[in-house]
Amino acid sequence: MLHVESLHKRYDAVEVVRGVSFAVHAGECFGLLGPNGAGKTTTLRCCLGLASPDSGRIELAGLPVPAKAREARARVGVVPQFDNLDPDFTVAENLVVFGRYFGLSKRHCESRVPHLLAFAGLSDKANAKIESLSGGMKRRLTLARALINDPQVLFLDEPTTGLDPQARHLVWDRLKTLLNEGRTIILTTHFMDEAQRLCNRVAIMDKGALMTVSSPQQLIEREIEPVVVEVYGDGLMHWYERSGKRLAQRAELAGDTAFCYCDDAEPLLRSISPESGLRALRRAANLEDVFLKLTGRDLRD
Ligand code: ADP
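Residues numbered from 1 in each chain as written. Predicted model: local features only at pLDDT ≥ 70, side-chain atom pairs only at ≥ 80, totals over all residues. Heavy atoms only, no water.

(A) Broad picture of unusual backbone geometry. Cis geometry marks the peptide bond from Val65 to Pro66, where omega comes out at 10 degrees. Of note, Asp12 is a non-glycine position whose phi angle comes to about 55 degrees, a positive value. Structurally, the position occupied by Asp12 is in the loop between strand S1 (2-11) and strand S2 (14-24). The class of Asp12 is exposed, set by a relative accessible area of 76%. The phi dihedral of Lys207 is positive, around 50 degrees, even though this residue is not glycine. Checked against the element boundaries, Lys207 lands in the loop between strand S9 (201-206) and strand S10 (209-214). Among the residues examined, Lys207 registers a relative accessible area of 56% and is labelled exposed. (Helix = DSSP H or I, 4+ residues; strand = E, 2+ residues; numbered from the N terminus. Buried < 20%, exposed > 50% of the residue type's maximum accessible area, 1.4 Å probe, protein only.)

(B) Local environment of the packing of helix H8 (residues 216-223) against helix H11 (residues 287-295). Their axes nearest at 9 Å, the elements H8 and H11 cross at an angle of 60 degrees. What the angle tells us is that H8 and H11 run oblique. Pair H8 / H11 crosses with left-handed handedness. For the pair formed by H8 and H11, the contact residues are Pro216, Leu219, Ile220 and Glu223 on the first element and Leu287, Val290, Lys293 and Leu294 on the second. (Axes fitted to C-alpha atoms, helices over the stretch in contact; angles between N-to-C directions. Parallel < 35°, antiparallel > 145°, perpendicular 65-115°, else oblique. Left-handed = near helix turned anticlockwise from the far one by under 90°. Contact = heavy atoms within 4.5 Å.)

(C) Expanded view of the environment of Gly162. On the secondary structure map, Gly162 appears in the loop between strand S7 (153-157) and helix H6 (165-180). By relative accessible area, which is 75% here, Gly162 ends up exposed. Sequence separation between Gly162 and Leu219 is 57 residues; the distance between their C-alpha atoms is 27 Å.

(D) Region of interest: helix H1 (residues 40-47). For H1, the buried fraction is high: six of the eight residues fall into the buried class. Along H1, the residues that are buried comprise Lys40, Thr42, Thr43, Leu44, Cys46 and Cys47. At the exit of H1 stands Gly49, carrying a positive phi of roughly 75 degrees.

(E) Broad picture of the site of the ligand. Residues in close proximity to the ligand include Tyr11, Val16, Pro35, Asn36, Gly37, Ala38, Gly39, Lys40, Thr41 and Thr42, which together make up its full environment. In the environment of the ligand, an oxygen atom lies 2.8 Å from a nitrogen or oxygen atom belonging to the side chain of Lys40. With the chains in place, 56% of the 570 Å² that the ligand exposes on its own is no longer accessible. Among the residues making up the shell around the ligand, the classes are represented as four nonpolar, five polar and one charged. (Near = heavy atom within 4 Å. Polar contact = N/O pair within 3.5 Å; in protein donor to acceptor, adjacent residues only side chain to side chain. Areas by Shrake-Rupley, 256 points an atom, 1.4 Å probe, with all protein chains shown as cover. Nonpolar A, V, L, I, M, F, W, Y, C, P; charged D, E, K, R; others polar.)

(F) Here's a closer look at H6. Taking 1.5 Å per residue, 16 residues should reach 22 Å; H6 reaches 22 Å between its end C-alpha atoms and fits that length. Looking only at H6, the buried set comprises Ala167, Arg168, Val171, Trp172, Arg174, Leu175, Leu178 and Leu179. Viewed end-on, H6 has its buried residues packed into an arc of 165 degrees, placing them on one side of the element. Away from its buried face by more than 90 degrees, H6 exposes Pro165, Gln166 and Asn180. (Expected span 1.5 Å × (residues − 1). Arc of directions from axis to C-beta.)

(G) Geometry of the packing of aromatic side chains. A full pass over the atoms with the stated rule returns three aromatic pairs. Arranged with centres 6.0 Å apart and planes meeting at 80 degrees, the rings of Phe98 and Tyr101 form a pair that is edge-to-face. One end of the pair is Phe98 and the other is Tyr101, both in helix H3 (residues 91-101) and three residues apart, which spans about a single turn. Centroid distance Phe98 to Phe102: 5.7 Å. Interplanar angle 75 degrees. Geometry classified as edge-to-face. By way of ring pairs, the aromatic residues Phe98, Tyr101 and Phe102 are connected into one cluster. One cation-aromatic arrangement involves Arg297 over Phe259; the distance from NZ or CZ to the ring centre is 4.2 Å. (Phe/Tyr/Trp six-rings, centres within 6.5 Å; stacked < 30°, edge-to-face > 60°. Lys NZ or Arg CZ within 6 Å of the ring centre and 35° of its normal.)

Shown next as C-alpha cells:
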C-alpha cells in the first residue's frame, strides 16, 4: 500500500529526513513512532504529496508520488492531528462538504452519511453544530469524514491525543473495525500502549532516520530484558549504587526512580528490604521501554 525508498528531505540547511525506507502492506496497521522533531510528519507529508522530497521514491496505493499525488490521495483518508471540522456546518454537512472536495456527487455523499454517523456513534447528532460536540465526538467525526471516499488506506496523525481514556478506547475500537474490514492504517502516536495494542509493525524514527522496523512483540524480545523493576523512595541512591546497578542487567536513573532491566528480578527484589523506605514495582517490559532505550530519555522540543 505504501513503499518508501531512500527518502530525503531538507529544510534550509537541515536534512530532516535522511534516507528513510519502509513498506506498509495491505491490511496492516503500521505505526511511525519517534520523539518530537524526529521527522515523522515530514515523512508522512511527503508520502501524501503535501511536501516534495529532495530525492527518493514513493508509491502510495499503487501510484507514484508526487507525480500522481492527487489521484493517490483520492484513495486515501487522512485524520490530521488537530480536528479541522467546519464550525459553520452541521455534523452531516461536514461529511458531505468534505466528500465534494474529492469530486464525489452530493447524492453519493449523502447516501453514505447514515452509515458513517453510525460508525462514529453520532447517528443522533446529524443536525448538531460542531461546537456542541465533545472532544471525543469531534475526533470520531473527523475519522468518519476521512472515510467519505471509502479509502483503502488511512493516515492518522496522533489519533487519540487529548482524549480521555473512555474516548481513546472508543477510537481504538473503531480503528480495529476498519482493520477488520481489510483497510490499511498508518499512524503516528506518542502513546506506546496505543502502538503496542493496535500496530502489527512499528518503525522507530529519530533525527530523520529509521532506527528499526518490527512487530512490537519482536522489538521487546529483541531489544530489551523481559522484566523491569521500578524502584523509588527513601534511600534510593544508596541502594542504587550498592545493589541496584550490580543486580540489574541494565539500570538507569530518571528523576526519583531507578529503572532496573532484568532477566531475573528475584535477586534485585531480595536486595530491597521490606522495612526500608524503598518501594518497587515489577512489570513486564513494554514498547515504551524499547522506545526510551533507542531514543534516550532526554527531553525534545
Ligand atoms: P515530527 O513529526 O517527528 O515531530 P517533523 O517532521 O514535524 O517531526 O519535523 C522534523 C524537523 O523538521 C523539525 O526540526 C522541524 O522543525 C522541521 N520542519 C518541519 N516542517 C518544516 C518546515 N515547513 N520548514 C522548516 N522546517 C520544518
